[in-house]
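For reference, the chains in residue letters:
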Amino acid sequence: GHAVEKWLLRASAEHLRKGLDLHSWLRVSLLFLALWGQVFPQCPDSCHCAWDTATVLCSDAGLREIPEGIPPETVSLHLERNYIRNIPESAFSNLVRLRDLYLSHNRIDSLASGALQHLGPELRLLDLSHNQLRHVSKEEFGSTRAKTRLYHNPWHCDCTLQELMETLNLEPETVNGIICESSHAGQPLVKLLDSGVNFCSLQRKTTDVAMLVTMFVWFFMVIVYVVYYVRQNQAEARRHLEYLKSLPSPRKTPTETDTLSTGF
């Protein structure tokens, strides 16, 4: 960029010295700059771009979100040591050539649904270490087979994380750094799984117990209602019977008495 500016300044001074039309020269210069921008895209603010290696360096830049305008040709993207908190769904949607994505030492605590699904099969390394991740699922990572770093995050170990561990291509050297913080605190997740702990079976058992309790409560409420209904009907029947008993018995008329006497 600086070399181009110096060249334009020198060329402008030369053309002015020769008395050429300044307006014509400006038109040519603007056209040249437009063509230059197409060949060499702009680098995002607060970042440094190495065009020869297609590397974008945004480390230690004080960023609070993923910068806009990352060149689609980027192969290696460095965003480590910033203040980024979340990864939106479309953050890397146009980086189909990306091979290395460094997001370590940020404050990332959430990934949008499908935030990493747009990363192509070229991705070789995904570094999410040293962040604030507690809950993530395999849907947020898509089908990536990149070597993944997830250590030094305050993980809540559950069935979702277990399924993620079984899906991702975790870096072997750092897998022991995935530590449970809220459940089985201080224990490496991989060691718990190796020892026979199965968070998914525990979750299913918990779900089964909850269903049994729910069914028992429902059955108990039905019984209580039936008993109440029967007792109410019995009370109504007793009241009706008592009412009938309280009515005066009908007296026989003289005609009925004579008829009965004659009959005998």
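Per an unreviewed UniProt entry, the protein chain carries the name Leucine-rich repeat-containing protein 3 and comes from Maylandia zebra. Its UniProt record gives the protein chain a comment under Sequence similarities (unreviewed entry), which states: "Belongs to the LRRC3 family."

S.K.: Explain the sheet that holds strand β1 (residues 48-50) to me, using residue names and the numbers behind them.
M.R.: Each strand in a sheet pairs with its neighbour through backbone hydrogen bonds, running either in the same direction (parallel) or in the opposite one (antiparallel). Read from one edge of the open sheet, 7 strands run β1-β2-β3-β5-β7-β8-β9, paired in mixed fashion. Of all the strands in the sheet, the pair left with one neighbour each is β1 and β9 (169-170). Two elements, strand β8 (residues 147-149) and β9, share 2 bridges in a ladder whose sense is parallel. Opposite Thr148, over in β9, you have Leu170 as the bridge partner.

S.K.: A description of the pattern of salt bridges should follow, citing residues and the corresponding values.
M.R.: One pass over the structure, following the stated rule, counts 5 salt bridges. A salt bridge links Arg124 to Asp100; the nearest nitrogen and oxygen atoms lie 3.1 Å apart. Placement of the pair is Arg124 in the loop between β6 (110-111) and β7 (125-127) and Asp100 in strand β5 (residues 100-102), with a sequence separation of 24 residues. Residue class for Asp100 comes out buried when judged on its relative accessible area of 12%. Of the charged contacts, one joins Arg149 and Asp127 as a salt bridge, the two residues approaching to 3.2 Å between their closest N and O atoms. A residue pair is termed long-range when its members are at least 10 positions apart, and Arg149 in strand β8 and Asp127 in strand β7 qualify at 22 residues. Relative accessible area serves as the criterion here: at 5%, Asp127 is assigned to the buried category. One salt-bridge network, held together by shared partners, links Asp127, Arg149 and Glu171.

S.K.: Kindly report on the nonpolar core, identifying the contributing residues and their values.
M.R.: Formed by 44 residues in total, the largest nonpolar core has its most connected members in Ile87, Phe92 and Phe141. Listing elements by their share of this core, those giving two or more residues are α3 (159-167) and α4 (189-194).

S.K.: A description of the state of the cysteines should follow, citing residues and the corresponding values.
M.R.: As used here, a disulfide is simply a covalent bond connecting the sulfur atoms of two cysteines. Overall, the coordinates contain 4 disulfides when judged by the stated rule. Here Cys43 engages in a disulfide with Cys49; their sulfurs sit 2.0 Å apart. Here the S-S torsion is close to 85 degrees, and the disulfide linking Cys43 with Cys49 is therefore right-handed. The exposure class of Cys43 is partly exposed, given its relative accessible area of 24%. Once the disulfide-bonded cysteines of the protein chain are ranked by sequence position, their pairing pattern turns out to be 1-3, 2-4, 5-7, 6-8.

S.K.: Explain the packing of aromatic side chains to me, using residue names and the numbers behind them.
M.R.: Evaluated as defined, the whole model comprises 0 aromatic pairs. We note Arg64 situated over the ring of Tyr83; from NZ or CZ to the ring centre the distance is 5.3 Å.

About the criteria used
Within each chain, residue numbers correspond to sequence positions counted from 1 in written order. Owing to the predicted nature of the model, reporting of local features is limited to residues with pLDDT of at least 70; listing and counting of side-chain atom pairs is limited to 80 or more, with chain, interface and lining totals taken over all residues. Side-chain figures throughout are based on the complete set of non-hydrogen atoms in the structure, without hydrogens or water. UniProt positions are given in the numbering used here, feature names are shortened, and annotations may be inferred rather than shown by experiment. For two strands to be treated as a pair, DSSP must find at least two bridges joining them. Elements are defined by DSSP. Helices are runs of H or I of four residues or more, strands are runs of E of two residues or more, and each kind is numbered from the N terminus. Any Lys or Arg side-chain nitrogen located within 4 Å of an Asp or Glu carboxyl oxygen qualifies as a salt bridge. Only protein chains enter the accessibility calculation, which uses a 1.4 Å probe; a residue whose area is less than 20% of its type maximum is buried, one above 50% is exposed, and one in between is partly exposed. Buried residues of nine kinds, namely Ala, Val, Leu, Ile, Met, Phe, Trp, Tyr and Cys, make up a nonpolar core once their side-chain atoms join them within 4.5 Å. Disulfides are defined as cysteine sulfur pairs within 2.5 Å. Any Phe, Tyr or Trp ring, taking Trp's six-membered ring, that has another such ring centre within 6.5 Å forms a pair; planes under 30 degrees apart are called stacked, those over 60 apart edge-to-face, and the others tilted. Counted as over-ring charges are cases with an Arg CZ or a Lys NZ within 6 Å of the ring centre that also lie within 35 degrees of the ring normal.

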